[in-house]
Amino acid sequence: MTKLAIFDCDGTLVDSQANICMAMEHAFEEAGLTPPMRHETRRVVGLSLVESMRMLLPEAADDLHHDLADKYRAAFWALRSNGLVDELLYDGIAALLSSLDESGWMLGVATGKSDRGLMRCLDHHALRSLFVTLQTADRHPSKPHPSMVYQALAEAGADAANAVVIGDTVYDIHMGRAAGTRTVGVNWGYHSVADLREAGADYIAESMDELKVYLENFA
């Protein structure tokens with residue numbers, strides 16, 4: 001039986017909210033707009049950039065959504081080039097991933113990041129070699145569409161019944177449920193435990209140890 005664990009990145013593997021909020025503020029200011037409050041930005045983490053802008057400015061024209069997405073990308077990479085981006089791994093994630101890999105799990109990522117952003121993040125933390133499938137917003141519709149999960153299952157040779165999507169937002173939970181996998185919400189990210197439960201998460205991990213135990217007993 002091939003078991004596949006598909007992790008979200010921002011808010012699940014790494015804590016990047018400060019970077020995301022700063023880049024969003026710069027993008028809106030560059031466009032001459034009032035930036036969203038940080039709690040509003042955190043609510044759209046996990047979506048593709050254009051879909052994030054649609055959520056933040058639902059009445060705006062689509063051209064503006066795309067323009068803001070471009071400005072966000074430019075702002076994020078300007079922050080990175082100035083040494084201001086630091087996507088810290090959550091405590092215990094590296095050990096958990098290594099343990100899962102050693103015990104025979106296949107590992108994947110499904111993220112709203114770009115290919116470039118994900119590769120840079122994983123390479124920075126020397127984690128890329130642990131993953132057999134990497135799915136990003138560059139090649140798929142935004143979460144909660146299940147496209148990323150379907151492709152991850154195909155690349156890993158796993159069935160949905162033997163896979164689990166792990167994430168911190170309702171978009172991750174809805175995506176996994178739509179693809180027919182089990183779903184785990186983690187409480188160290190950007191959406192509340194109450195929201196994750198309401199979205200239908202099969203399990204809520206209140207700590208890294210709880211997530212490890214859940215996956216060790218996955219059958």
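Residues numbered from 1 in each chain as written. Predicted model: local features only at pLDDT ≥ 70, side-chain atom pairs only at ≥ 80, totals over all residues. Heavy atoms only, no water.

Student: How should I be thinking about helix α5 (residues 93-102) in this particular structure?
Tutor: Given 3.6 residues per turn, any residue in an α-helix points the same way as the ones three and four places further on. Of all the residues in α5, the buried ones are I93, L96, L97 and L100. The buried residues of α5 occupy an angular sector of 95° when projected down its axis, which confines them to one face. In α5, the exposed positions angled more than 90 degrees off the buried face are occupied by A95 and E102. Against the buried residues of α5 lie β1 (4-7), β3 (88-89), β4 (106-110) and α10 (208-216). Where α5 ends, the next residue or the one after it, G104, has phi of about 105°, a positive value. (Buried < 20%, exposed > 50% of the residue type's maximum accessible area, 1.4 Å probe, protein only. Helix = DSSP H or I, 4+ residues; strand = E, 2+ residues; numbered from the N terminus. Arc of directions from axis to C-beta. Contact = heavy atoms within 4.5 Å.)

Student: What should I look at first to understand the packing of aromatic side chains in this one?
Tutor: Any two aromatic rings considered together are summarised by their centre-to-centre distance and by the angle between their planes. On inspection of all chains with the given rule, the structure shows six aromatic pairs. Where Y72 meets F76, the ring centres are 6.1 Å apart and the plane angle is 25°; that geometry is what we call stacked. With Y72 and F76 both in helix α4 (residues 62-81) and four residues apart, this pair spans about one turn of that helix. Comparing Y72 with F76, the two get one shared label, buried. Each residue in the set W105, Y203, Y214 and F218 is aromatic and connected to the rest through ring pairs, giving one cluster. A cation sits over an aromatic face here: R182 above F218, 3.8 Å from the ring centre. (Phe/Tyr/Trp six-rings, centres within 6.5 Å; stacked < 30°, edge-to-face > 60°. Lys NZ or Arg CZ within 6 Å of the ring centre and 35° of its normal.)

Student: How should the sheet that holds β4 be read in this particular structure?
Tutor: Within a beta sheet, neighbouring strands are joined by backbone hydrogen bonds and run either parallel or antiparallel to one another. Here six strands make up an open sheet; going across it, the order is β5-β4-β1-β6-β7-β8 and the pairing parallel. Every interior strand has two partners, whereas the edge strands, β5 (133-135) and β8 (203-205), have only one. When the angles between neighbouring strand axes are averaged without regard to direction, this sheet yields 20°. Sitting on the sheet, helix α7 (residues 147-156) touches β1, β4, β5 and β6 (163-167), and the angle it makes with β5 is about 165°. Against the sheet, helix α8 (residues 170-179) engages β4, β6 and β7 (182-186), with an angle of about 170° to β7. (Pairing = 2+ DSSP bridges. Axes fitted to C-alpha atoms, helices over the stretch in contact; angles between N-to-C directions.)

On their own, these measurements won't tell you what the molecule is for.
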